[in-house]
Amino acid sequence: MVMGTAERREAPEDGGAAGATARSVREAPDRGIPAAGPDGQDGPGRERRIRADGHGEHEERSAYRPLWTEEPARRRRLPDPVRTAAVRAVLVVAVTLIMAMVAFLCTLAGSWLAFPMVLGSVAGTVVATWGVLDVWVTRQVWNQRHGVVSVPSSTARAMRRERRRARRQARSAERAQERIRRRGGAGQLSHP
C-alpha cells in the first residue's frame with residue numbers, strides 16, 4: 001500500500017498499522033490538477049488544500065485560478081508584406097522537401113517516377129532559394145521605407161524630414177490666422 005504524506009504523519013511510530021486512522025484524500029491522477037471534491041465543485045481551475053492542525057482537519061478552497069496567464073509578446077509582429085513572403089517561402093520549402101523525399105523513396109523502389117521527381121526537386125530547390133531571398137529583400141525594403149533602419153541613405157529619413165517641414169508650415173499658417181483673428185482684422189486693407 002502506498003501512503004501519502006498526510007497518512008505517514010498520522011501513522012504510529014511503533015509500526016502498527018491496525019491502530020492508525022489513515023484518511024484517504026481524493027487526488028487526481030495528475031498531481032498538478034486537483035480532483036473533484038464530494039460536492040463536485042472542484043475543477044481544473046480550482047485548488048483544493050487540506051490542512052491539518054491540532055484540533056482536526058478542515059478544507060480550504062482558494063480563489064478561482066485561471067488556466068493560463070497572458071504574457072506580452074517577446075517580438076513584434078512582422079509587417080504584412082514580410083509575413084506574406086515568409087509564408088510563401090515556408091510553403092515552397094515544404095513542398096520541395098516532400099518532393100525530394102518522394103524522389104528518394106522512388107529511387108529506392110526503382111520506380112519510373114524517380115527521374116521526374118528528381119527534376120522537380122531540383123526546380124523546387126531553385127524556387128525555394130528564391131523564396132527565402134525574397135523574404136530577406138522584402139524585409140530590407142520595408143525597413144528602408146518605414147524608418148526602422150536609421151542610416152543617412154534611408155529614404156525614411158527624408159520622408160520624416162518632409163513630414164516635419166509640412167507640419168511646421170501648417171502650424172505657422174495656423175498661428176498667422178490666429179493672430180489676424182485676435183486683432184479683429186485690423187491692419188488689413190478693406191475690400192471695396
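Residues numbered from 1 in each chain as written. Predicted model: local features only at pLDDT ≥ 70, side-chain atom pairs only at ≥ 80, totals over all residues. Heavy atoms only, no water.

Trainee: Just checking my understanding: could you explain the packing of helix α3 (residues 114–146) against helix α4 (residues 155–183) for this structure?
Mentor: Relative placement of two packed helices is described by the angle separating their axes and the distance separating the axes. Two elements in contact, α3 and α4, have axes separated by 5 Å at closest approach and are oriented at 25°. The orientation of α3 with respect to α4, classified from their angle, is roughly parallel. Contacts from Gln144, Arg145 and His146 of α3 reach α4 at Thr155, Ala156 and Met159. (Axes fitted to C-alpha atoms, helices over the stretch in contact; angles between N-to-C directions. Helix = DSSP H or I, 4+ residues; strand = E, 2+ residues; numbered from the N terminus. Parallel < 35°, antiparallel > 145°, perpendicular 65-115°, else oblique. Contact = heavy atoms within 4.5 Å.)

Trainee: Where do I start with a positive patch on the surface in this structure?
Mentor: On the surface, Arg161, Arg163, Arg164, Arg165, Arg167, Arg168, Arg171, Arg175, Arg179, Arg182 and Arg183 cluster together into a positively charged patch. One can find arginine 183 in helix α4. For arginine 183, a relative accessible area of 54% gives the class exposed. (Patch = residues over 30% accessible without salt bridge, like charges linked within 9 Å, V, L, I, M, F, W, Y side chains within 5 Å. Areas by Shrake-Rupley, 256 points an atom, 1.4 Å probe, with all protein chains shown as cover. Salt bridge = Lys/Arg side-chain N within 4 Å of Asp/Glu carboxyl O. Lys, Arg positive; Asp, Glu negative; His and termini not counted. Charge placed at Lys NZ, Arg CZ, Asp CG, Glu CD. Buried < 20%, exposed > 50% of the residue type's maximum accessible area, 1.4 Å probe, protein only.)

Trainee: Just checking my understanding: could you explain α3 for this structure?
Mentor: Helical periodicity: at 3.6 residues per turn, an α-helix aligns residues three or four positions apart in one direction. Compared with an ideal rise of 1.5 Å per residue, which puts 33 residues at 48 Å, α3 spans 47 Å between its outermost C-alpha atoms and is within 8% of the ideal. The complete set of buried residues in α3 reads Ala114, Met117, Gly120, Ser121, Gly124, Ala128, Gly131, Asp134, Val135, Thr138 and Asn143. Buried residues belonging to α3 abut α2 (80–109). (Expected span 1.5 Å × (residues − 1).)

Trainee: Before we go on, may I ask you to explain the pattern of salt bridges in this structure?
Mentor: Pairs can form between side chains of opposite charge once their charged atoms are near each other. All chains considered together, the criterion is met by four salt bridges. Within this structure, Arg77, Asp80 and Arg83 form a network of salt bridges that share partners.

Trainee: Quick question: what am I supposed to make of the environment of arginine 83 here?
Mentor: By the secondary structure assignment, arginine 83 is in helix α2. A sequence separation of 52 residues divides arginine 83 from valine 135, and the C-alpha atoms of the two residues are 8.1 Å apart. Not counting residues up to four positions away in its chain, the partners in contact with arginine 83 are Arg77 and Leu78.

By themselves these figures say nothing about function.
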